[in-house]
Amino acid sequence: MRYHTRKIVKPGDLNPNETLFGGRLLEWIDEEAALYAIIQLESRKVVTKFMSEINFVSSAIQGDIIEIGMDVVKFGNTSLILKCAVRNKLTRKTIIQVENITVVNLDENGKPKPHGKTKIDFAND
């Protein structure tokens, strides 16, 4: 797993239990998946099509620094399938795992478009 983005948990990111709100974390994951796909597919027009079961392993509290990791599971014809893990940067404790995030490459009309990629390009990563 390659970790690309770090976030600090701020008061506005908390739920009533004073832990990181799951919806905020999913927003960050979706954004990171889109950015990863845009860079790998070299295309600005991508959309999240599917996100598999989400496993909330532990929580984060205000002041925690978390990092979001993405890895490629598979290159499809028009899609990129990713997996994600989020962990506490300092303790390395896993916060959430998502086994499948499918991002689809789109043409100018919003229809799926083949991207021609078959492997991770670390030069642009």
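Residues numbered from 1 in each chain as written. Predicted model: local features only at pLDDT ≥ 70, side-chain atom pairs only at ≥ 80, totals over all residues. Heavy atoms only, no water.

Here we take up a nonpolar patch on the surface. A grouping of Ile8, Ile65 and Leu90 is seen on the molecular surface, where their side chains present a nonpolar patch of about 290 Å² in accessible area. Inspection of the secondary structure assignment puts isoleucine 65 in strand S4 (residues 65-75). Classification of isoleucine 65 as partly exposed rests on a relative accessible area of 30%. (Patch = residues over 30% accessible without salt bridge, like charges linked within 9 Å, V, L, I, M, F, W, Y side chains within 5 Å. Areas by Shrake-Rupley, 256 points an atom, 1.4 Å probe, with all protein chains shown as cover. Salt bridge = Lys/Arg side-chain N within 4 Å of Asp/Glu carboxyl O. Helix = DSSP H or I, 4+ residues; strand = E, 2+ residues; numbered from the N terminus. Buried < 20%, exposed > 50% of the residue type's maximum accessible area, 1.4 Å probe, protein only.)

As a further point, take the pattern of salt bridges. Counted under the stated rule, the structure contains seven salt bridges. As a salt-bridge pair, glutamate 42 and lysine 117 come within 2.3 Å of each other at their nearest N and O atoms. With glutamate 42 in the loop between helix H1 (22-41) and strand S2 (46-51) and lysine 117 in the segment after strand S6 (94-105), the pair connects residues that are 75 residues apart, well separated along the chain. Looking at lysine 117, the relative accessible area reads 23%, which means it is partly exposed. Among the salt bridges present, the one from lysine 89 reaches glutamate 67, with a minimum N-O distance of 3.7 Å. On the criterion of sequence distance, the pair formed by lysine 89 in the loop between strand S5 (79-88) and S6 and glutamate 67 in strand S4 is long-range, its members being 22 residues apart. Overall, glutamate 67 belongs to the buried group, its relative accessible area being 2%. One salt-bridge network, held together by shared partners, links Arg6, Glu67, Arg87, Lys89 and Arg92.

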